[in-house]
Amino acid sequence: MKNTIAERVADFIKNFPPFDLLDKAQLLDISKEVKIKYLDKENVIYNVNDPLHDQFYMIYKGAVKLKKYINEKLETIDQFDEGDVFGLRPLFAKENYAITSITEEETILYCIPIDMFHQFIDHNKEVRKYLIESFASNTENPFSNEFQKKLLEDDVKLDFSKDMFEMQPVRLIKNVVTTKQTSSIKDAAKLMSKNNVGSIIIEDKECPIGIITDKDLRLHVATGNYSIDDEVSKIMIHPVMCYKKNITIAQAQITMMKHKINQIVVTKDGTPNSKILGVFSEHDIIVMKGTNPSVLMKAIKRSNSTKDLKRIREKIMMLLEGYVDQNIPLTHINNIIFELNDATIKRVIERCIEKMGQAPPVKFAWMSIGSQGRKEQLLHTDQDNAIIFENTDDDHLEEVRTYFLTLAKKVNKRLKTIGFEYCPGEMMAKNPKYCLSLDEWENQFSAWTRETGDEELLLCSIFFDFDITYGDPSLTNQLSDHVLEITKNNLIFQSKLGASSLRSPSPLGFFRQFLVEQDGEHKDHFDLKKRAIMPISDAGRLLAIHYQTKNINNTAERFEKLAELMPEDEELYLSCAYASKALLKFRTKHGLRHHDSGRFIALAELSKEEKMKLKRCFKAVSKVQELIKLKFNLKNFI
Amino acid sequence: MKWGFNKKNKTLPEYWSRYESLFLNPPKKTDLNTTTFVVLDTETTGFNYDKDRILCIGAVKVLNGYIDVNSAFEIYIKQDYFNEETIQIHGILKHDKLQTVTEEEAIILFLDYIQDAILVAHHTFFDLTMINTALNRLGLPNLKNKELDTMSIFKATRLKSNIIDQKKRYSLDELAEYYDIDLSDRHTASGDALITAIAFLRAVHTLVKTKQYTLKDLLKLK
């Protein structure tokens, strides 16, 4: 029987070693026996000491991390992503698994039966060689483990930092910028500037014959020794220092120090006489290690693929974790993480506009809405965004919208790949309802505030907190003015907004007990978002609208501004500002601890101090709710 | 009934009795992990249940969270009736080199393949009506299997908010986009069955995790 699915599987696996060493019939035979498995994130595939499975794995989609006990602590030793093969131990050893493997994100695995595969190892020397090598480098190998122990016991104390960073293989930059030896220095420099790189490889028949770095331009050209019209071969450094794939970071660093270079070229057989596979620079080491905001920022601006941005985002999460652990003030953390996320989104938009192959037909702005618009988005949360573009005549309106919808679709998709989940309510720029011209947005907002039902209130609470991420600020400014204008004396709207902000019950019940969820998955958990964060940001938004504070979206900043405007209530507002920051930090901490959004908190887990802190925050929430009740005449509520 | 099926003067073929006997015993208590699901898709000459015919059935079994490639089912049916308009969608030509079987042979293989598994498809109603019509043409009653629709399952994972149009029908393309599933082989029955199967696993996983759905709850989805 024809098996299209097996052909599909074969099509994928043939691109990756060791399967690239097999012929078509062999690939199809294997593919027919593959099982496809879907796993959620943080799912264990196998644990240390688990009996061996009768299959090994290839990642079709997603990522997997390998963990191992080092000094009695479970540490990540390697990460795999699409096309990587792991879990090879059953092919070579009889004992149980020596490491744990856990999915890092949603993952689809191809499970390849060992039995089936043995014949290929037995009959194909190349495959066998590859597997043994990769098995050895996977640190599943008892030998390398022993070896490291011995190093540690020696008198020299080596600092094997967390994750054994130096022992990881280097991650190659694969889109190498190259030129021919006959091209001029000027053209080479232009290419370097265009690609934003510090070096360029001179290639001939795909082999590296020389390299030029920024430094060479400074030494040889800026000094006037050579003209910019000279050929690059005049100033290039050659031969090029080449290495094989799978060189470790430690090796790369030593080589760079030894030869006083900051670039390594990786070729197929490790000599300058074979095909270039990629480059690796000192800068990339810093980025790989990188938990330094300025390095990350630079990396974001230089990144040229969604995959890069995804890796950088993982680093950002590590940075966040470190900051929260060290108790660094939240405002500071918030600003840095916001700037990094913001730069990531900007970079994605920039790249997508390039990909469109056509400049935007009119001015536009990419708006972040909801928590991101309020700069309160610290963890992986949904993407909420919208597009506003300049008014055009009716004839061109749809044409213009089509352009921006296509752009938005690209951006939304890439943001998802990077780690910003799609908004379940579809409040995203790729939704034609939220990709509007300035006039259309103004009409939309007017309509929502004129006839306000539950749905409109919800929409206002998300869309009114818009913040410009990319594009022309004059558009968002005009929209802000419009919001102020339509809400200014609209007391009906304000009181409806007030009523809705009181809908989430006060977080503390009788006797100052916590209100926990009564049923469902989160039974006995406390819903931090619904019961505390939402009420306080709702209150902040309402008061900001009422007192017409323009261009402040962040809840804490809104309350600080209110405190400034109304000294008589200063104490209350400042306590709200404090509470909003504390709650956000609380959520971030819990989210990082449990690898989720941090929304639901198990009461039993809280320390006494944490409970006290939370209660103090809730006091501020109920006080501001009281104030809203009085101010907007909502006594009948609650 | 239109197809005039009559128990008295016609004994049902052996393959049908074999299939039917699987449903005699009351179903064992099963859960999501021990139940076999057959995720299927059909390519047809068109959308008219009476006039149009099945060109191809593609299916794959899902058991215990695994999609078993080895269990893939893919069968092409000889055609007398042809609708030129739909050829461009699925690309199966009347005299293609593919090995084909008669409608009855296809049904025999299909019944033998699905047994009493729960059938899953995207817009199940369409595929199963096509198959049932084919059964009826052979003088057989409708399929007896329980069924699930990935459309309803996906819908259940979405927010029950009035912002999203409750009546919205999600296409397989939309599901694939949402779950980031590769769309190669789209519009081949097997390719679509695989896409549906992956979407099925992901959506069911979400429902089990966030809403504690059981198999029973899934079967109740409309």
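Residues numbered from 1 in each chain as written. Chains lettered and ligands numbered in written order. Predicted model: local features only at pLDDT ≥ 70, side-chain atom pairs only at ≥ 80, totals over all residues. Heavy atoms only, no water.

Draft legend 1. Summary view of the overall build of chain A. If you tally the helices and strands in chain A, you get 23 helices and 20 strands. Burial statistics for chain A: of 638 residues in total, 52% are counted as buried. The contacts in chain A between residues at least 6 apart in sequence include a share of 69% that link residues at least 24 apart. (Helix = DSSP H or I, 4+ residues; strand = E, 2+ residues; numbered from the N terminus. Buried < 20%, exposed > 50% of the residue type's maximum accessible area, 1.4 Å probe, protein only. Contact = heavy atoms within 4.5 Å.)

Draft legend 2. Broad picture of the overall build of chain B. Helix and strand counts for chain B come out as eight helices and six strands. For chain B, the succession of helices and strands along the chain, N to C, is α-β-β-β-α-β-α-β-α-β-α-α-α-α. Expressed as a percentage of contacts within chain B between residues at least 6 apart in sequence, the contacts between residues at least 24 apart total 69%. For chain B, the accessible area works out to roughly 11,400 Å², and carbon and sulfur atoms hold 53% of it. (Areas by Shrake-Rupley, 256 points an atom, 1.4 Å probe, with all protein chains shown as cover.)

Draft legend 3. Summary view of the pairing of strand S2 (residues 54-63) of chain B. Residues and elements named next belong to chain B. Among the ten residues in S2, eight count as buried, and that is most of the element. Of the pairings in the sheet, the one linking strand S1 (residues 36-44) to S2 comprises nine bridges and is antiparallel in character. Each bridged residue has a counterpart across the sheet, and for Leu40 the counterpart in S2 is Ala59. Where S2 meets strand S3 (residues 66-77), seven bridges bridge the pair, whose relative direction is antiparallel. For Lys61, the partnering residue across the bridge sits in S3 and is Asp68. Hairpin connection of S2 to S3: two residues between the antiparallel strands, including Asn64 at a positive phi of 55°. (Pairing = 2+ DSSP bridges.)

Draft legend 4. Here's a closer look at the sheet that holds strand S7 (residues 100-103) of chain A. All names here are of chain A. Reading across from one edge, S2-S7-S4-S5 is the order of the four strands in this open sheet, with antiparallel pairing throughout. Because the sheet does not close on itself, it has two edges, and the strands there are strand S2 (44-46) and strand S5 (73-81). If you compare each strand with its neighbour and ignore which way they point, the axes differ by 30° on average. (Axes fitted to C-alpha atoms, helices over the stretch in contact; angles between N-to-C directions.)

Draft legend 5. Here's a closer look at the pattern of salt bridges. Residues and elements named next belong to chain A. Per the stated rule, a full pass over the model turns up 27 salt bridges over all chains. Linking Lys310 and Glu105 is a salt bridge whose minimum nitrogen-to-oxygen distance equals 2.8 Å. A residue pair is termed long-range when its members are at least 10 positions apart, and Lys310 in helix H12 (residues 306-325) and Glu105 in the loop between S7 and strand S8 (107-113) qualify at 205 residues. Connected through shared salt-bridge partners, Arg374, Glu376, Asp465, Asp538, Arg541 and Arg558 make up one network. (Salt bridge = Lys/Arg side-chain N within 4 Å of Asp/Glu carboxyl O.)

Draft legend 6. Quick look at the side chain of Lys67 of chain A. All names here are of chain A. Mapped onto the fold, Lys67 is located in strand S4 (residues 63-70). With no salt bridge to any partner, buried Lys67 finds its closest opposite charge in Glu42, at an N-O distance of 6.1 Å. In contact with Lys67, not counting residues within four places along its chain, are Leu74, Glu75, Thr76, Ile77, Ile99, Thr100 and Ile102. (Lys, Arg positive; Asp, Glu negative; His and termini not counted.)

Draft legend 7. A look at the environment of Ile118 of chain B. All names here are of chain B. Structurally, Ile118 is set in strand S5 (residues 118-121). You can call Ile118 buried: its relative accessible area is 6%. Through-space distance from the C-alpha of Ile118 to that of Lys61 is 9.8 Å; in sequence the pair is 57 residues apart. Excluding anything up to four places from it in sequence, Ile118 contacts Thr35, Thr36, Phe37, Val38, Lys146, Glu147, Leu148, Leu215 and Leu219.

Draft legend 8. Up close: the interface of chain B and chain A. Of the residues lining the interface, 37 residues belong to chain B; the matching set on chain A comes to 38 residues. Interface area, chain B with chain A, both sides summed: about 3,500 Å², of which 55% is carbon and sulfur. Inspection of the chain B/chain A interface yields three salt bridges. Residues Glu106 of chain A and Arg202 of chain B are paired through a salt bridge, measuring 2.8 Å at the closest nitrogen-oxygen approach. Inspection of the chain B/chain A interface yields twelve residue pairs in polar contact (both at pLDDT 80 or more). Of all the secondary structure elements, the ones that give two or more residues to the side of chain B that touches chain A are S3, helix H6 (172-179) and helix H7 (189-211) of chain B. (Buried area = accessible area lost by both parts, 1.4 Å probe. Polar contact = N/O pair within 3.5 Å; in protein donor to acceptor, adjacent residues only side chain to side chain.)

Draft legend 9. View of the packing of helix H21 (residues 555-565) of chain A against helix H22 (residues 570-594) of chain A. Residue and element names in this part refer to chain A. Packing of H21 against H22 leaves a shortest axis separation of 8 Å and a crossing angle of 170°. Classified by the angle between their axes, H21 and H22 sit roughly antiparallel to one another. Residue-level contacts link Thr555, Ala556, Phe559, Glu560, Leu562 and Ala563 of H21 to Glu570, Tyr573, Leu574, Cys576, Ala577, Ser580 and Lys581 of H22. Its residues placed into classes, the contact of H21 with H22 shows eight nonpolar, two polar and three charged. (Parallel < 35°, antiparallel > 145°, perpendicular 65-115°, else oblique. Nonpolar A, V, L, I, M, F, W, Y, C, P; charged D, E, K, R; others polar.)

Draft legend 10. Spotlight on the packing of aromatic side chains. One pass over the structure, following the stated rule, counts 35 aromatic pairs over all chains. Ring plane angle 25° and centroid distance 4.6 Å describe the contact between Phe73 of chain B and Tyr113 of chain B, whose orientation is recorded as stacked. Highlighted residues: Phe73 of chain B in strand S3 and Tyr113 of chain B in helix H3 (residues 103-114), separated in sequence by 40 residues. Across the pair, exposure class does not vary: Phe73 of chain B and Tyr113 of chain B are buried alike. An aromatic cluster is present here, built from Tyr434, Trp441, Phe445, Trp448, Phe463, Phe464, Phe466 and Phe493 of chain A joined pairwise through their rings. (Phe/Tyr/Trp six-rings, centres within 6.5 Å; stacked < 30°, edge-to-face > 60°.)

Draft legend 11. Layout of the packing of H12 of chain A against helix H15 (residues 394-418) of chain A. Residue and element names in this part refer to chain A. The interhelical angle for the contact between H12 and H15, taken along N-to-C directions, is 45°, at an axis separation of 8 Å. The orientation of H12 relative to H15 falls into the category oblique. Once H12 is placed against H15, the crossing between them reads as right-handed. Along the contact surface, H12 presents Thr306, Leu309, Lys310 and Arg313, while H15 presents Arg414, Thr417 and Ile418. A breakdown of the residues in the contact of H12 with H15 according to their chemical character gives two nonpolar, two polar and three charged. (Left-handed = near helix turned anticlockwise from the far one by under 90°.)

Draft legend 12. The arrangement of the sheet that holds strand S18 (residues 467-471) of chain A in detail. All names here are of chain A. Sheet architecture is open: four strands sit in the order S17-S16-S15-S18, paired in mixed fashion. For this open sheet the edge positions go to strand S17 (435-437) and S18, each flanked by a neighbour on one side alone. This sheet shows a mean twist of 30° between the axes of neighbouring strands, independent of strand direction. The sheet contacts of H15 involve strand S15 (364-368), strand S16 (385-389) and S17, and relative to S16 the element is tilted by about 150°. Where helix H18 (residues 473-487) meets the sheet, it contacts S15, S16 and S18, and its direction lies at approximately 60° from that of S15.

Draft legend 13. Main features of the environment of Glu105 of chain A. Judged by its relative accessible area of 21%, Glu105 of chain A falls in the partly exposed class. If near-sequence neighbours (up to four positions away) are discounted, Glu105 of chain A is found in contact with Leu39, Asp40, Lys41, Gly62, Ala63 and Lys310 of chain A.

Draft legend 14. A look at the confidence of the model for chain A. For chain A, mean pLDDT is 82; residues scoring 70 or higher make up 89% of the total. Scored below 50 in pLDDT, residues 138-163 of chain A makes 33 contacts in the model with residues more than four places away or belonging to other chains. (pLDDT = per-residue confidence, 0-100.)

Draft legend 15. Spotlight on the nonpolar core. One finds Trp441, Phe445, Phe463, Leu528, Phe559 and Leu583 of chain A to be the most contacted residues of the largest nonpolar core, which totals 65 residues. Apart from residues no more than four positions distant in its own chain, Phe445 of chain A is found in contact with Phe463, Phe464, Phe466, Leu479, His482, Val483 and Ile486 of chain A. (Core = buried A, V, L, I, M, F, W, Y, C linked by side-chain atoms within 4.5 Å.)

Draft legend 16. A look at H3 of chain B. Residue and element names in this part refer to chain B. Between the first and last C-alpha of H3 there are 16 Å, a value that for twelve residues agrees with the 16 Å anticipated at 1.5 Å per step. Within H3, the full set of buried residues consists of Glu103, Ala106, Ile107, Phe110, Leu111, Tyr113 and Ile114. Looking straight down H3, one finds its buried side chains confined to an arc of 160°; they lie on one side. Gln115 occupies a position one or two residues after H3 and carries a positive phi of about 45°. (Expected span 1.5 Å × (residues − 1). Arc of directions from axis to C-beta.)

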